[in-house]
Amino acid sequence: MAIQAAAVTTAAPMTRPAGAGGFKYLLIAPAVFVLLAFGLFPFLYSVVVSFQKLSLLDQYTSFQGLLNYARLLQDQRLWNAVLHTFAITAIALPFQLALGLLLAHHFLAERPFKRLFVALLIIPSVISPMVAGSMWRLMFDDRYGPINQMIGWILGEHVSILWTIQAAWAYPAIIICDIWEWTPFMFIILLAALSNVDREQLDAASIDGANAWQSFRYVSLPAIWPVMMIALLIRALDLVRLFDIVWQLTRGGPGNATETISIYMFVRGFQEFETSYTGAMVVVLLVLFTAVLVVALRRMEIVR
Amino acid sequence: MARWYAIAALGGLATFAVGVMPVAAQENAATKAVEAAKQYAGTTINTEEEAGLMAMLGINITGPEWQELTGIQVRVSEVPYEELFPKAMLEHRAGTGAYDMLTIAPSWVADMVRAGALEPLDPYIEKYGVKSEFDDIAPAFRDWMTFDGKTYALVVDGDVHILYYRKDLFEDPTNMEAFKAEYGYDLAPPQNWEQFGQICQFLTDKYAPQLYGAGLINTGYTYYFFFERFRSYGGRFFDPETMKATVNSDAGVRALTEMVEQNGCQPPGVQNWGFGESLSALNSGEIAMTISWPPLARWTQGINADEQALSWVPPTQVKDKIGYAITPSGHSEMAAGILLALSPNSKNKDATYLYMQWLHSKQESLKNVMRPLGLRDPFRISQYESPEFQSLWPTAKDYLETHKRAVETGYADLAILDTYKYWDSAGRAVNAAIGGKDPQQALDDLAAEWDALTEQIGVDRQREAYTAWAAAPAAYRE
């Protein structure tokens, strides 16, 4: 009887109080409004502004077509900044992944003071990148910095490498700093992923005669692949908008040699107040990066 | 009867001459400003000032003094130098009136006037000013305050680069003899850049690593140093007809190549040196020459060294050992300078102007240019002639004389439309060359960047601004 009653209840059409459909939208309205106000509106406003000629000195709100977009194509400094950003990403990201993976593997087994060392290793990631950049600037100082001193001890003679002044050294300086700060992020995520790899599968592989590399390649790696891809994606996005560390270390110099996309946009937008031109830059780069991101997500089979 | 009227009139005049004239003679812009400002007691004025020592003057000294004298409170907003201009412009665009008084550089005046961001001061000067005090300003600095025949700002800081050198080393008989034997001329402050390089090398060869021949500024404001050398070699910034940039001419390449090469006789890592490092090295006795701004003279003498705000300056080891000269170009760059201007959005224009007049006045400005705090430098004829300043340290008179000559013969900073963008790209080009880029390539890139900027601003508009700037004698000194 009870079953019958339940069946009847299930079969009966749901009756909702009048206005319930609207109420649920009312509940989410504040959140949607905030998202639109602070997410979508600035972008749409940037699109509008990108067709005008607003700058610190000129306030022409009349539309001037694609002039700013045409300028973008000829702006070598912008495309150099894109190149610099991808160069840093292309070098720093694999290093962070490889080191993070090695560390994660190392700390997978029980080690003395494991918890203490893991906690210590994570510290760089909780430091503000601005502070990390300032700290490394002092570390790289040619006169008082410990880096040159240590190299000097190793080589047995005084060295004066101008890490932040000479273009050839500025890139290693930036990349070292970024790797130092963000490898722990990669490490902690991969440690968590590796800890969750099915122990039985690893044991089975071992029994079947697989060596350590084969176990990792054919058992652990497929298991941690989605997590690793997400970690890579987060770090890649961070590197694409790299600003703080480079700003503190080199200000994008010498000249424009280490200028990243974010630094260039900051300079044009907030130091030179080329509002409309920066708006055009934002639109083009956002569209480009969104396209790249969508393709990447599909390839990585994270979003299906 | 008419005779009696005449006698009475003469008597009246005599009374005026005896009673009033002394009062007129005593009248000064400072007291006039204080008296007039008392009617605004209880108001607050907001000032935008360069963060650091510049602002410390207003926060620690002049602001509290002004409040005590007039009852007007001064609220100082500290802004980094590179943000003074954009911040003032943004506030103006938004019409916030956040700042009543603005701190600006002379080369920004044209841009700011065209944008309507500066209030003309002539009506206020007419109302409150003391003409004789305006006549007392050195002509080069007086030019800074005006644009298109109107006054828009009051100068409070007369900047110009000065060559500081170790007199004791230059006057050492052994050094003098050895130098003459090697180079065939007397060891003295260099008259050109070739001599600068030779003297630098000579002293470095003899004293390094304890002391190097020179230690110049290589980071921050490097465009000033390049612009000066470039012009001394006959360089021109633009072709006046086409407005194409000509910074990549032979003069430009020679100047930049030489700047980079001459770092070789300077301390290792000098490419990393800014204003602070250069000052520290001079004060510590590690370098024999540097080129910098005028406050260095007071710091090398240790004046007010016990002041908390100056605690970062290393104690001087070179007191009474420093000589002063015009830079090797023969025309020192009048790098920057500080003007006070009134925001058109200010709600307390009279009170603000009066504070500006008080700071700019003969009486108050003399005190400020003698203080290390505030980084103010002489700009008045009376300051050069002041017995008090001349006796501030044993060679203060030489310093003032050098400063005066440097100003009279100095190069004016490039001031055209969107000047700060041209400066910024020039600074990047210089730093790129210092960082290893081929100077010709760095300057070719700079010229291309300047051309794009000029196109964007409008060739005709920029030509007009450039022609007006280049017509002044201080532009190219020919």
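Given the structure is predicted, the values throughout are model-derived calculations rather than measurements. (Residues numbered from 1 in each chain as written. Chains lettered and ligands numbered in written order. Predicted model: local features only at pLDDT ≥ 70, side-chain atom pairs only at ≥ 80, totals over all residues.)

On to the overall build of chain A. Helices and strands together make up the secondary structure of chain A, namely 13 helices and two strands. For chain A, the C-alpha radius of gyration of 26 Å lies well beyond 19 Å, the compact-globule estimate for 304 residues. A buried classification covers 27% of the 304 residues belonging to chain A. When contacts within chain A are restricted to residue pairs at least 6 apart in sequence, long-range pairs at least 24 apart make up 68% of them. (Helix = DSSP H or I, 4+ residues; strand = E, 2+ residues; numbered from the N terminus. Rg over C-alpha atoms; globule rule 2.2 N^0.38 Å. Buried ≥ 20, exposed ≤ 12 C-beta atoms within 10 Å, placed from the backbone. Contact = placed C-beta atoms within 7 Å.)

Next up on the list: the sheet that holds strand E7 (residues 162-166) of chain B. Residues and elements named next belong to chain B. The strand order across the open sheet built from three strands is E8-E7-E9, with neighbouring strands paired in antiparallel fashion. Because the sheet does not close on itself, it has two edges, and the strands there are strand E8 (289-292) and strand E9 (322-325). In this sheet, neighbouring strand axes are inclined to one another by 25° on average, regardless of whether the strands run parallel or antiparallel. Examined bridge by bridge, E7 and E8 share four bridges and lie antiparallel to one another. Across the sheet, the residue bridging to Leu163 is Ile291, located in E8. (Pairing = 2+ DSSP bridges. Axes fitted to C-alpha atoms, helices over the stretch in contact; angles between N-to-C directions.)

A separate point is the pairing of E7(B). Walk down a regular strand and you will see the side chains alternate between the two sheet faces. Residues and elements named next belong to chain B. The element E7 is extensively covered by neighbouring structure, given that five of its five residues are classed as buried. Of the two faces of E7, the one lined by Ile162, Tyr164 and Arg166 and the one lined by Leu163 and Tyr165 are each fully buried. In terms of strand pairing, E7 meets E9 through four bridges, oriented antiparallel. What sits directly across from Tyr165, in E9, is Gly323.

Residues and elements named next belong to chain B. Taken together, the five strands give an open sheet; going across it, the order is E2-E1-E3-E10-E6, and neighbouring strands pair in mixed fashion. The open sheet has two edge strands with one neighbour each: strand E2 (73-79) and strand E6 (153-157). With direction set aside, neighbouring strand axes in the sheet form an average angle of 25°. One ladder, built from seven bridges, connects strand E1 (residues 44-50) with E2; its direction is parallel. Note on E2: the bridge partner recorded for Glu49 is Glu78. Of the strands in this sheet, E1 and E2 touch helix H4 (residues 53-70), which is tilted by about 175° from E2.

Bringing the nonpolar core into the picture now. Counting 172 residues, the largest nonpolar core has B:Ile104, B:Ala153, B:Phe226, B:Leu256, B:Leu339 and B:Tyr355 as its most contacted members. Broken down by element, the residue count for this core peaks at eight residues, all from helix H22 (residues 419-434) of chain B. When residues are assigned to domains, this core turns out to be shared by domain 1 (10-151 + 338-376) and domain 2 (160-334 + 392-478) of chain B, each giving three or more. For B:Leu256, the residues in contact, after removing those within four places along its chain, are B:Phe226, B:Val430, B:Ala433, B:Pro439, B:Ala442 and B:Leu443. One finds A:Leu101, A:Ala104, A:Phe187 and A:Met228 within the second-largest nonpolar core, a separate group that totals 15 residues. (Core = buried A, V, L, I, M, F, W, Y, C linked by C-beta atoms within 7 Å. Domains from an automatic or database assignment.)

Next up on the list: the interface of chain B and chain A. The interface of chain B with chain A comprises 19 residues on the first partner and 18 residues on the second. Elements with a contribution of two residues or more to the side of chain B that touches chain A: helix H5 (81-94) and H22 of chain B. In terms of residue class, the side of chain B that touches chain A is built from eight nonpolar, six polar and five charged. (Nonpolar A, V, L, I, M, F, W, Y, C, P; charged D, E, K, R; others polar.)

For the rest of this paragraph, the subject is the domain arrangement of chain B. Residues and elements named next belong to chain B. By domain assignment, chain B separates into domain 1 (10-151 + 338-376) and domain 2 (160-334 + 392-478). Distance from the C-alpha centre of domain 1 to the C-alpha centre of domain 2: 30 Å. Opposite the 15 residues of domain 1 that make contact, domain 2 presents 22 residues. Secondary structure elements with two or more residues in the side of domain 1 that touches domain 2: H4 and helix H6 (109-114). Its residues placed into classes, the side of domain 1 that touches domain 2 shows twelve nonpolar, one polar and two charged.

The next thing to look at is the pairing of strand E3 (residues 101-104) of chain B. All names here are of chain B. Side-chain alternation along E3 places Met101 and Thr103 on one buried face and Leu102 and Ile104 on a second face that is also buried. Examined bridge by bridge, E1 and E3 share two bridges and lie parallel to one another. Considered in E3, the bridge of Thr47 is made with Met101. Pairing analysis gives four bridges linking E3 to strand E10 (residues 338-342), with the strands arranged antiparallel. In the strand pairing of E10, Ile104 is matched with Leu339.

Residues and elements named next belong to chain B. Where helix H14 (residues 250-261) meets helix H23 (residues 439-457), the axes come as close as 9 Å, and the angle between the chain directions of the two elements is 130°. It follows that H14 is oblique to H23 by the angle criterion. For the pair H14 and H23, the crossing hand works out as right-handed. When H14 is examined against H23, the residues Gly252, Val253, Leu256, Thr257 and Val260 are found in contact with a partner set consisting of Pro439, Gln440, Ala442 and Leu443. Residue composition of the contact of H14 with H23, by class: six nonpolar, three polar and no charged. (Parallel < 35°, antiparallel > 145°, perpendicular 65-115°, else oblique. Left-handed = near helix turned anticlockwise from the far one by under 90°.)

This part takes up unusual backbone geometry. It is generally the case that most residues other than glycine have a negative phi and that most peptide bonds are trans. A cis amide bond links A:Gly253 to the next residue, A:Pro254, at an omega of 0°. By the element assignment, A:Pro254 lies in the loop between helix H11 (244-249) and helix H12 (261-271). The phi angle at A:Phe273 is positive, at roughly 50°, despite the residue not being glycine. Among the structural elements, A:Phe273 can be located in the loop between H12 and helix H13 (275-299). Since 19 C-beta atoms lie within 10 Å of it, A:Phe273 is described here as partly exposed. Positioned with a positive phi, B:Ala336 is a non-glycine residue whose angle comes to about 75°. Its location among the elements puts B:Ala336 in the loop between E9 and E10.

A few words on the environment of B:Pro394. All names here are of chain B. Residue position: Pro394 is located in the loop between helix H20 (387-390) and helix H21 (396-409). You can call Pro394 exposed: it has 10 C-beta atoms within 10 Å. For Pro394 and Asp320, which are 74 residues apart along the polypeptide, the C-alpha to C-alpha distance reads 7.2 Å.

A few words now on helix H12 (residues 193-207) of chain B. One turn of the α-helix equals 3.6 residues, which is why residues spaced by three or four share an orientation. All names here are of chain B. With 15 residues, H12 should cover 21 Å at 1.5 Å per step; its first-to-last C-alpha distance of 21 Å lies within 8% of that length. Of all the positions in H12, only Trp193, Phe196, Ile199, Cys200, Leu203 and Thr204 are classed as buried. Seen along its axis, H12 keeps its buried residues to an arc of 130°; they face one direction. In this structure, the buried side of H12 is in contact with helix H10 (167-170), helix H13 (222-232), H14 and E8. (Expected span 1.5 Å × (residues − 1). Arc of directions from axis to C-beta.)

With that settled, the discussion passes to the packing of H23(B) against helix H24 (residues 459-470) of chain B. All names here are of chain B. In contact at an axis separation of 6 Å, H23 and H24 are set at 105° when each is read in the N-to-C sense. Classed by the angle they form, the pair H23 and H24 counts as roughly perpendicular. Contact residues: Thr454, Glu455 and Ile457 in H23; Val459, Arg461 and Gln462 in H24. Across the contact of H23 with H24, the residue classes tally to two nonpolar, two polar and two charged.

As a further point, take the confidence of the model for chain B. All names here are of chain B. Of the residues in chain B, 95% have a pLDDT of 70 or more, and the chain-wide mean is 92. Confidence over residues 1-24 falls short of pLDDT 50; this stretch has one contact with residues more than four positions distant or in other chains. Quick note on the complex model: pTM equals 0.87, ipTM equals 0.82. (pLDDT = per-residue confidence, 0-100.)

Averaged over chain A, the pLDDT score is 88; the fraction of residues at 70 or greater is 91%. Contacts for the low-pLDDT stretch residues 1-12 of chain A, under 50 throughout, to residues beyond four places or in other chains number zero contacts.

Moving on, we get to the environment of B:Gly435. Here B:Gly435 is to be found in the loop between H22 and H23. Counting along the chain gives 199 residues from B:Gly435 to B:Arg236, while the straight-line C-alpha distance between them is 25 Å. Filtering out sequence-adjacent residues up to four positions away, B:Gly435 remains in contact with A:Ile165, A:Gln166, A:Ala167, A:Gly253, A:Pro254, A:Gly255 and A:Ala257.

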